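Below are the chains, spelled out letter by letter.
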Amino acid sequence: MAFCTTTATACLSRCSASEETLLPSPAFRALKIPRVRPLFWPWEKVKMGSMVVSPMGFGTWAWGNQLLWGYQKSMDGDLQAVFNLAVENGINLFDTADSYGTGRLNGQSEKLLGKFIRDFPGREGVRDGVVIATKFAAYPWRLTPGQFVKACESSLERLQIEKLGIAQLHWSTANYAPLQELALWDGLVAMYEKGLVRAVGVSNYGPKQLVKIHNYLKTRGVPLCSAQVQFSLLSMGEKQMQIKDICDSLGIRLISYSPLGLGLLTGKYTASNLPRGPRALLFGQILPGLEPLLSSLREIAERRGKSIPQVAINWCICKGTIPIPGVKTVKQAEENLGALGWRLSSDEIFQLECAAQESPKKMVQNIFQTN
Ligand SMILES: NC(=O)c1ccc[n+]([C@@H]2O[C@H](COP(=O)([O-])OP(=O)(O)OC[C@H]3O[C@@H](n4cnc5c(N)ncnc54)[C@H](OP(=O)(O)O)[C@@H]3O)[C@@H](O)[C@H]2O)c1
């Protein structure tokens, strides 16, 4: 992928030439961007099906979601800057979904991504390397492969692109509508055969269901490239580890969603400083037992001159997954980019996992997560 190599190389030369990173795109000349360190070497990029992606992507659930994430249209300029900053620094994987965006803003995350790609001020070659991974909701009215193909065409329209990077099933219906499941799988096959998508993936699939869909797609000549699950220091149960093992044995990439535990693993929330909205209730339950993990994260971060979110994201990378932290501001994006370019030691990983085990309450799992 010419895009990633040139970007990483450009970034490396910029950083070695000067303490200040002068980002080349016009949008950034006006902004004082703190030094972003060389992020990753070309050989650290990850093969994903026929594509090559950065070792970390960015998640865009918040882009259009008012209820949980407090999205406002006034944030759009900042979100474009987040996108530009990420892409200029070699991040080429963006996760979205056709259900992202609340109420009348449904589809807003895909629409914004489409706009940001189109308005990206950098080189066209760089823009062309962007891989959009979207997820298709298994709505009860999507009962045939044709309806799934239509959903894909609508996403392409919102994204204003001709071909998707990864088309992911957002969740499996195996637990409650097993007959729908096969139609969804055939929908993925149809999108792939029609050339609408470069690769297909799943999300919220448990170990058993993951093997089943992998085997089914194989018989249809469609490779399964990725499996997305909640994977973080607050979501590292037996199931996550089983899924990781299966992914490794079948050549599937594991994408870690909510790697910051919806913001809990940034260290910025406390019992007296809870986020607005529904997260407050969840955080209020988890935070009282989280101190051992937060102290370990803090201690390692201080020792290494990193920040708590950088350590939490780096742990996901060290476990061989591709984290997709959600980002709402340029400051968060800059900070999360600093999760790349270094690695926790095995002792540090052990220390973090021991501390995580001590937390009495973990993250709530997606209700659609299957076995
Ligand atoms: N497949 C699925 O079912 C599924 C489910 C969930 C998520 N996902 C995907 O995974 C992505 C990431 O997960 P997520 O957004 O749920 O949660 P996350 O990545 O664990 O947390 C993201 C949130 O943490 C806060 N944050 C991020 N970086 C920060 C920093 N450096 N400093 C301080 N605060 C920071 C921001 O919210 P605040 O500033 O408001 O705290 C941000 O929106 C999503 O965007 C989505 O693409 C997929």
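As annotated in an unreviewed UniProt entry, the chain is NADP-dependent oxidoreductase domain-containing protein from Protea cynaroides.

Turning next to the overall build of the chain. Check the secondary structure of the chain and you find 14 helices and 10 strands. Across the 371 residues in the chain, those meeting the buried criterion constitute 48%. In the chain, once contacts between residues fewer than 6 apart in sequence are set aside, the share between residues at least 24 apart is 78%.

Here we come to the sheet that holds strand E9 (residues 253-257). Strand order in the open sheet made by the 8 strands is E3-E4-E5-E6-E7-E8-E9-E10, with parallel pairing throughout. Bordering the open sheet on either side are strand E3 (58-59) and strand E10 (322-323), each of which pairs with just one other strand.

With that settled, consider the pairing of strand E7 (residues 197-203). The buried count for E7 comes to 6 of 7 residues, which makes it a mostly enclosed element. Direction of pairing for strand E6 (residues 164-169) relative to E7: parallel, over a ladder of 5 bridges. Each bridged residue has a counterpart across the sheet, and for Leu 169 the counterpart in E7 is Val 202. For the crossover from E6 across helix H7 (residues 178-193) to E7, the handedness is right-handed. Alignment of E7 against strand E8 (residues 224-230), held across 4 bridges, turns out to be parallel. The residue bridging Gly 201 from the neighbouring strand is Ser 226, located in E8. Running through helix H8 (residues 207-219), the crossover from E7 to the neighbouring parallel element E8 is right-handed.

This part covers the nonpolar core. One finds Ala 167, Leu 188, Val 200, Ala 227, Leu 233, Leu 297 and Ala 312 to be the most contacted residues of the largest nonpolar core, which totals 100 residues. A per-element tally of this core places helix H12 (residues 308-318) first, with 7 residues. The contacts of Ala 227, once residues within four sequence positions are left out, are Gly 201, Val 202, Tyr 205, Leu 210, Ile 243, Cys 247, Ile 252 and Leu 254.

Moving on to the packing of helix H3 (residues 76-88) against helix H13 (residues 330-337). Between H3 and H13, whose axes approach to 9 Å, the crossing angle comes to 20°. Classed by the angle they form, the pair H3 and H13 counts as roughly parallel. For H3 against H13, the interelement crossing comes out right-handed. For the pair H3 and H13, the contacting residues are Asp 78, Ala 81, Val 82, Leu 85 and Ala 86 in the first and Val 330, Ala 333 and Glu 334 in the second.

Okay, the packing of helix H4 (residues 108-119) against helix H6 (residues 145-159) next. Viewed as axis vectors pointing N to C, H4 and H6 meet at an angle of 45°, and their least axial separation amounts to 7 Å. What the angle tells us is that H4 and H6 run oblique. From H4, Glu 110, Lys 111, Leu 113 and Gly 114 reach across to H6, where they touch Ser 155, Arg 158 and Leu 159. For the contact of H4 with H6, the residue count by class is 2 nonpolar, 2 polar and 3 charged.

Compared with the 18 Å implied by 1.5 Å per residue over 13 residues, the 19 Å span of H8 between its first and last C-alpha is a close match. Within H8, the full set of buried residues consists of Pro 207, Leu 210, Ile 213, His 214 and Leu 217. For H8, the angular spread of the buried residues around the axis is 130°, confining them to a single face. For H8, the exposed residues set more than 90 degrees away from the buried face come down to Lys 208, Asn 215 and Thr 219. Of the surrounding secondary structure, the elements contacted by the buried residues of H8 are H7, E7, E8 and helix H9 (238-250). Following H8 by one or two positions, Gly 221 adopts a phi angle in the positive range, close to 75°.

Among the secondary structure elements, Cys 247 is positioned in helix H9. Put simply, Cys 247 and Val 211 are 36 residues apart on the chain and 9.0 Å apart in space, counted from C-alpha to C-alpha. Ignoring anything within four residues of it in the chain, the contact list for Cys 247 reads Ala 227, Ile 252, Arg 253 and Leu 254.

Here the chain averages 90 in pLDDT, while 90% of its residues score no lower than 70. The low-confidence segment residues 1-35, where pLDDT is below 50, has 56 contacts with residues more than four positions distant or belonging to other chains.

Turning our attention to the pairing of strand E5 (residues 131-136). Among the 6 residues in E5, 6 count as buried, and that is most of the element. In E5, alternate side chains face the same way, and those of Val 131, Ala 133 and Lys 135 on one face and Ile 132, Thr 134 and Phe 136 on the other are all buried. As judged from the 3 bridges shared by strand E4 (residues 93-95) and E5, these two strands associate in the parallel manner. Bridge pairing in E5 links Asp 95 to Ala 133. Sheet topology places E5 next to E6; 4 bridges connect them, and they run parallel. Among the inter-strand pairings, Phe 136 is bridged to a residue of E6, identified as Leu 169. Handedness of the β-α-β unit built from E5, H6 and E6 comes out right-handed.

What follows deals with H13. The complete set of buried residues in H13 reads Ala 333, Glu 335, Asn 336 and Leu 337. Where the residues of H13 are buried, they touch H3 and H12.

Parameters at a glance
Residues numbered from 1 in each chain as written. Predicted model: local features only at pLDDT ≥ 70, side-chain atom pairs only at ≥ 80, totals over all residues. Helix = DSSP H or I, 4+ residues; strand = E, 2+ residues; numbered from the N terminus. Buried ≥ 20, exposed ≤ 12 C-beta atoms within 10 Å, placed from the backbone. Contact = placed C-beta atoms within 7 Å. Pairing = 2+ DSSP bridges. Right-handed = clockwise from strand over helix to strand, strands pointing away. Core = buried A, V, L, I, M, F, W, Y, C linked by C-beta atoms within 7 Å. Axes fitted to C-alpha atoms, helices over the stretch in contact; angles between N-to-C directions. Parallel < 35°, antiparallel > 145°, perpendicular 65-115°, else oblique. Left-handed = near helix turned anticlockwise from the far one by under 90°. Nonpolar A, V, L, I, M, F, W, Y, C, P; charged D, E, K, R; others polar. Expected span 1.5 Å × (residues − 1). Arc of directions from axis to C-beta. pLDDT = per-residue confidence, 0-100.

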